[in-house]
Amino acid sequence: MIETFKEFKETKNIDRTTLVSVLEESFRNALAKIYGTDENIDVIVNPDKGDFEIYRTRTVTADDEVTDENRQISLTAARKIDEDYEIGEEVSEHVEFEKFGRRAILNLRQTLASKILELEHESLYNKYKSRVGEIVSAEVYQVWKREILLIDNENNELILPKTEQIPADNYRKGETIRAIVLRVDNENGNPKIILSRTSTVFLERLLEMEVPEINEGLISIKKIARMPGERAKIAVESYDDRIDPVGACVGVKGNRVHGIVRELCNENIDVINYTTNTKLLIQRALSPAKVSSINIDEEARKAEVFLKPEEVSLAIGRSGLNIKLASMLTEYTIDVFREIEEGTEEEDIYLDEFADEIDTWVIDAIKAIGLDTAKQVINAPREMLIEKADLEEETVDKVLEILKAEFEE
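This section reports on the structure supplied with the text. What you are looking at is a predicted structure, and each value in this text was computed from that prediction instead of being measured.

Let us look at the overall build of the chain. Looking only at helices and strands, the chain has 15 helices and 15 strands in total. Against the globule reference of 22 Å for 409 residues, the chain gives a C-alpha radius of gyration of 36 Å, more extended than a compact globule. For the chain, the C-alpha atoms occupy an extent of roughly 125 × 55 × 40 Å along the three principal directions. The buried share among the 409 residues of the chain stands at 42%.

Here we take up the pairing of strand β14 (residues 302-307). Residues A303, V305 and L307 of β14 are buried on one face, while the alternating residues K302, E304 and F306, pointing to the opposite face, are not. Judged from the 5 bridges that link them, strand β13 (residues 293-297) and β14 form a sheet pairing that is antiparallel. If you follow I294 over to β14, its bridge partner there is V305. Between β13 and the antiparallel strand that follows it, β14, lie 4 residues; R301 among them carries a positive phi value of about 55°. Sheet topology places β14 next to strand β15 (residues 333-338); 6 bridges connect them, and they run parallel. Its bridge partner being in β15, V305 is matched across the sheet by V336.

With that settled, consider the pattern of salt bridges. For the structure shown, the criterion picks out 25 salt bridges. The closest approach of N and O atoms between R58 and E93, which form a salt bridge, is 2.7 Å. Taken together, the positions of R58 in strand β2 (residues 51-61) and E93 in strand β4 (residues 90-95) put the pair 35 residues apart, joining distant regions of the chain. On the basis of relative accessibility, which here comes to 11%, the residue R58 falls in the buried class. The shortest N-O distance in the salt bridge between R205 and E208 comes to 3.2 Å. Taken together, the residues R205 and E208, both in helix α5 (residues 200-210) and 3 residues apart, mark about one turn of the helix. In the salt-bridge network here, residues are joined through shared partners; they are D169, R178, R197 and E263.

Attention shifts here to helix α9 (residues 278-285). Those residues of α9 lying buried are L281, I282 and A285. Angular distribution of buried residues about the axis of α9 spans 100°; they occupy a single face of the element. Its buried side turned inward, α9 meets β11 (231-238), β12 (268-273), β13, β14, α11 (321-330) and β15. Capping of α9 at its N-terminal end is provided by N277; its side-chain oxygen lies 3.1 Å from the backbone amide nitrogen of K279.

What follows covers helix α4 (residues 102-129). In this model, α4 (28 residues) spans 40 Å end to end at C-alpha, consistent with the 40 Å of a helix rising 1.5 Å per residue. When we look at burial in α4, the residues that qualify are A104, N107, L108, T111, L112, K115, I116, L119, L124 and Y128.

Here strand β1 (residues 41-46) shows one buried face, formed by I41, V43 and V45, and one open face, formed by D42, I44 and N46. Both β1 and β2 contribute to a ladder of 6 bridges, which runs antiparallel. Across the sheet, residue I41 finds its bridge partner in β2, namely R56. Hairpin remark: β1 followed by β2, antiparallel, with 4 residues in the connecting loop; positive phi at G50, about 80°.

Let's shift gears to unusual backbone geometry. For the bond from S287 to P288, the omega torsion is 15°, close enough to zero to count as cis. One non-glycine residue, S319, lies in the positive phi region at around 60°. With respect to the helices and strands, the residue S319 is situated in the loop between α10 (309-316) and α11. Looking at S319, the relative accessible area reads 58%, which means it is exposed. Despite not being glycine, E331 shows a phi value in the positive range, around 65°. If you trace the backbone, E331 turns up in the loop between α11 and β15.

Let's shift gears to the sheet that holds strand β8 (residues 176-187). Note on sheets: strands pair through backbone hydrogen bonds, and any given pair is parallel or antiparallel. Taken in spatial order, the 5 strands close into a barrel running β5-β6-β7-β9-β8, and their pairing is mixed. Going across the sheet, the axis of each strand differs from the next one's by a mean of 50°, ignoring polarity. Where strand β5 (residues 135-143) and strand β6 (residues 147-151) come together, 4 bridges link them in antiparallel fashion. Opposite V140, over in β6, you have L150 as the bridge partner. Where α4 meets the sheet, it contacts β5, β7 (157-161), β8 and β9 (190-196), and its direction lies at approximately 25° from that of β9.

On inspection of all chains with the given rule, the structure shows 2 aromatic pairs. With a centroid separation of 4.5 Å and an interplanar angle of 35°, the aromatic rings of F27 and F52 are classed as tilted. Highlighted residues: F27 in helix α2 (residues 16-35) and F52 in strand β2, separated in sequence by 25 residues. The buried category is assigned to F27, whose relative accessible area is 4%. Given the relative accessible area of 32%, F52 is considered partly exposed. Sitting over the face of the ring of Y141, K173 holds its NZ or CZ atom 4.9 Å from the ring centroid.

Let us look at the side chain of D152. Mapped onto the elements, D152 comes out in the loop between β6 and β7. From its side chain, D152 meets the backbone nitrogen of E154 in a polar contact 2.9 Å long. Ignoring any residue separated from it by four or fewer positions in sequence, one finds D152 in contact with K127, Y128, A138 and L158.

Turning next to the sheet that holds β14. A sheet is described by the order of its strands in space; here 3 strands give the open sequence β13-β14-β15, paired in mixed fashion. Among the strands making up the open sheet, the edge pair consists of β13 and β15. Pairs of neighbouring strands in the sheet enclose a mean axial angle of 20°, with direction left out of account. Packing of α10 onto the sheet brings it into contact with β14 and β15, and relative to β14 it is tilted by some 135°.

Reading guide: rules and limits
- Residues numbered from 1 in each chain as written.
- Predicted model: local features only at pLDDT ≥ 70, side-chain atom pairs only at ≥ 80, totals over all residues.
- Heavy atoms only, no water.
- Helix = DSSP H or I, 4+ residues; strand = E, 2+ residues; numbered from the N terminus.
- Rg over C-alpha atoms; globule rule 2.2 N^0.38 Å.
- Buried < 20%, exposed > 50% of the residue type's maximum accessible area, 1.4 Å probe, protein only.
- Pairing = 2+ DSSP bridges.
- Salt bridge = Lys/Arg side-chain N within 4 Å of Asp/Glu carboxyl O.
- Arc of directions from axis to C-beta.
- Contact = heavy atoms within 4.5 Å.
- Polar contact = N/O pair within 3.5 Å; in protein donor to acceptor, adjacent residues only side chain to side chain.
- Expected span 1.5 Å × (residues − 1).
- Axes fitted to C-alpha atoms, helices over the stretch in contact; angles between N-to-C directions.
- Phe/Tyr/Trp six-rings, centres within 6.5 Å; stacked < 30°, edge-to-face > 60°.
- Lys NZ or Arg CZ within 6 Å of the ring centre and 35° of its normal.

This is how it looks when you write it as structure tokens:
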């Protein structure tokens, strides 16, 4: 038992006191099945000597009045133990567990194994529950279609679901993965540790590891917007005027951010200076595009951004990625418009006047995103019409062709 106690302490993180308690409880459960109750049973486990003792206490009762043999002992039987016993006194007898036979010992073993498994699960749950949001490293043990099974350095099982993997992630058995502990589920006392590589917290922790100024509290990460594996925007603020937060995060020639980019499968990372000025924050978030002017609707949390025609594609970005991330970072719906140069403005026409050429449902869909006139539609980015109005590319192209033809005439 002494060796076993040491082993449990080292391999299963179960301390001596807890194990003694589990042993006592397991003996009690086994004896309760034999006697019907464990209320009059005392179990004494001595971890230092590596032994245990069991005692059962019964009340001395007249020979013809014994009704419960577990709680009562006849006067005759008591006096065989000690001649001085009288009716009403308590007799404490040593119980030799092994005499109960193989079935009782197997029952004890099963109960003990079950209790220890419960303790292991509880220990694992508590360990990882306190590590939620931390980066962990683990080895790939099995790769399945919907998830990857990982093993940590203590042989605990961790799960990295497909939904929490970066699209370009491709791992084989034996490789090491870094991820954050996203959450710990505990269904029926069986903990399930879920990891993530797509969470914004993962990017935040990587930055903390690479940029000492963040760890020291000189720079704060205010907001992160991320499309895993593609692009991310990070707003940072410095609490020391002498420190350039963007420069500190990027590093000399980008050396601080390069390692993170590689870890995230070449995810592009834009770092901007945070500000409480909403217009300025939106302007910075749409970088590298240069914004001409911005109209803000605080209540609806909407922003109308006007840019020169050559800047519009930069603001929107490939597949609309730049404008999506800017909206996520600022928490504003951003609509982009082309600026019309002075002297080129012509009379505008309401969309409803094109009802004979364009289907009503198409006009309604365009009006629903705040575009009421032909000129507004022509000046709006094509990608915005497709995405926000939820129209097919062919439909948008046809609408633009009809509207442009009107002004050409």
